[in-house]
Amino acid sequence: MSNEYFVRRNGEVSGPHSLAMIRKGLEEKKLKANDLLSLSSDGPWERVAAVHKEIRAGRPFFDQGANANKPTETPQGKPQEEGLEDRLGAIDELVEEEQLLPPLRVIRPKKKIKKSVSREAEIDERLTKNLRMWAWVGGGLVTVAIVVAVVFAIPLLKGLRDRTASTTQEEEQQRREEGRQQEEEQQRQEERQRLAKENAKKTLVDGMTNFGAGLRGKKVKRVEIGAGVATITDDKNGLSHVKIECKNGLIIDADWKRAFNDFGYDIYEPKVSKDYNRLAVMTTARGVIASYLNGKYD
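Described in the following lines is the structure provided in the data block. Computed from a predicted model, the values in this text were never measured in an experiment.

On a regular strand, one side chain projects to one face of the sheet and the next to the other, so that they alternate. In the sheet, strand β1 (residues 4–9) pairs with strand β2 (residues 12–18) via five bridges, with the strands oriented antiparallel. In the sheet register, Arg8 faces β2, and the bridge partner there is Val13. Adjacent in sequence and paired antiparallel, β1 and β2 are bridged by two residues, among which Asn10 carries a positive phi angle near 55°.

Among the nonpolar cores identified, the biggest contains 20 residues, and Val242, Ile244, Trp256, Ile267 and Val288 are the most heavily contacted of them. Counting only elements with at least two residues in this core, the list comes to β8 (228–234), β9 (240–246), β10 (251–258), β11 (265–267) and α5 (278–293). Counting residues per element, this core draws most heavily on α5, which supplies six residues. Dropping the residues within four chain positions of it, Ile244 is found in contact with Ile225, Val229, Ala230, Leu250, Ile251, Ile252, Thr284, Ala285 and Val288. In terms of nonpolar packing, the next biggest core, distinct from the first, is built from 13 residues, Leu26, Leu31, Ala50 and Ile55 among them.

Remark: helix α1 (residues 19–27) packs on helix α2 (residues 48–57), axes separated minimally by 10 Å, with the N-to-C direction vectors making an angle of 110°. Taken together, the axes of α1 and α2 lie roughly perpendicular to each other. The handedness of the crossing between α1 and α2 comes out as left-handed. Note on element contacts: α2 touches α1 through Val48, His52, Ile55 and Arg56, opposite Ile22, Arg23 and Leu26. Looking at the contact of α1 with α2 residue by residue, the class counts come to four nonpolar, one polar and two charged.

Bringing α2 into the picture now. Buried within α2 are the following residues: Val48, Ala49, Ala50, Val51, His52 and Ile55. Just past α2, the residue Gly58 takes up positive phi, approximately 75°.

To continue, consider the pattern of salt bridges. Pairing is possible between side chains of opposite charge, provided their charged atoms come close. Summed over the entire model, instances satisfying the criterion amount to 17 salt bridges. Between Asp35 and Arg9 there is a salt bridge; the shortest N-O distance is 2.7 Å. Of this pair, Asp35 sits in the loop between α1 and β3 (36–38) while Arg9 sits in strand β1, and the two are 26 residues apart along the sequence. The class of Arg9 is partly exposed, set by a relative accessible area of 36%. Glu27 serves as the salt-bridge partner of Arg23, at 3.4 Å between the closest nitrogen and oxygen. Of the two residues, Arg23 and Glu27 are both situated in helix α1; the distance of four residues between them amounts to about one turn of the helix. Its relative accessible area of 36% is what places Arg23 among the partly exposed residues. Via salt bridges that share partners, Glu177, Arg180, Glu184, Glu185, Arg188 and Arg192 belong to a single interconnected network.

Strand order in the open sheet formed by four strands is β2-β1-β3-β4, with antiparallel pairing between adjacent strands. Both edges of this open sheet fall to β2 and β4 (46–47), since each of them pairs with a single strand only. In this sheet, β4 lies alongside β3 in antiparallel orientation, the contact comprising two bridges. Its bridge partner being in β4, Leu37 is matched across the sheet by Glu46. Together, β1, β2 and β3 form the strand contacts of α1, whose direction differs from that of β2 by roughly 115°.

Another point: the pairing of strand β7 (residues 219–224). Sheet topology note: the β7/β8 ladder contains six bridges and is antiparallel. Bridging from a neighbouring strand, Arg222 pairs with Thr231 of β8. Counted between consecutive antiparallel strands, the loop separating β7 from β8 contains three residues.

The rules behind the values
Residues numbered from 1 in each chain as written. Predicted model: local features only at pLDDT ≥ 70, side-chain atom pairs only at ≥ 80, totals over all residues. Heavy atoms only, no water. Pairing = 2+ DSSP bridges. Helix = DSSP H or I, 4+ residues; strand = E, 2+ residues; numbered from the N terminus. Core = buried A, V, L, I, M, F, W, Y, C linked by side-chain atoms within 4.5 Å. Buried < 20%, exposed > 50% of the residue type's maximum accessible area, 1.4 Å probe, protein only. Contact = heavy atoms within 4.5 Å. Axes fitted to C-alpha atoms, helices over the stretch in contact; angles between N-to-C directions. Parallel < 35°, antiparallel > 145°, perpendicular 65-115°, else oblique. Left-handed = near helix turned anticlockwise from the far one by under 90°. Nonpolar A, V, L, I, M, F, W, Y, C, P; charged D, E, K, R; others polar. Salt bridge = Lys/Arg side-chain N within 4 Å of Asp/Glu carboxyl O.

Quick look at the structure:
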């Protein structure tokens, strides 16, 4: 019988292969420790872990006689395993080189293997379906949570933005109001200062005017009326004068003199500090002169 070998791996048989090919497969680590070798496709089979030394040395590792694969007997008639220590050492060496595969699986009949594979496939498919279902449910829950968060967040953010804008507008309006009040207060203060200066000046001028008029034989009368303040200079022998300082800033100056007519005086065209209704100016001036002559200011 030629030294041609068959290889069995995972229940599948390949070959025949020469010893050189087996040796090359071992060196290239294509043969694993749990692979099986035989001289026949029907067996008996021997693990690579038990004969790897013979393969590396290039020696045939199966007997060609009738006693192939049988243990020898000791002189006492008891069988012994030849090369047991060598085989154990070889297994340890292969373990150290990380060439051993996981523990050898028990080879079952093809029908049982098919049932086991089918059962495993069914379990894997069921697990896959369950995982997909839970993934879909989890994704749906996450989506719902995100939508709910967005729905509640939008009004909240809008309210916060509106509140911030409202607060900003109120603060801005308050600052403007404070600025306006400060400006008005400053304007009132300036106006009071101006009026005080004008009153002081008028008092001085009126005093000097009254003093001069008294020296010239004229009578000066200063009275408050509804429209403002009226200053009447009465010269019985000559031309008299009336000056009316209205509250609205209008100043009326008019000359007048006593006369023998229905009014008891004649008035000349008044002068005003700004454009104003002539009838109103004339009525105001005549009213002050008539009241003075009738003794209402005594």
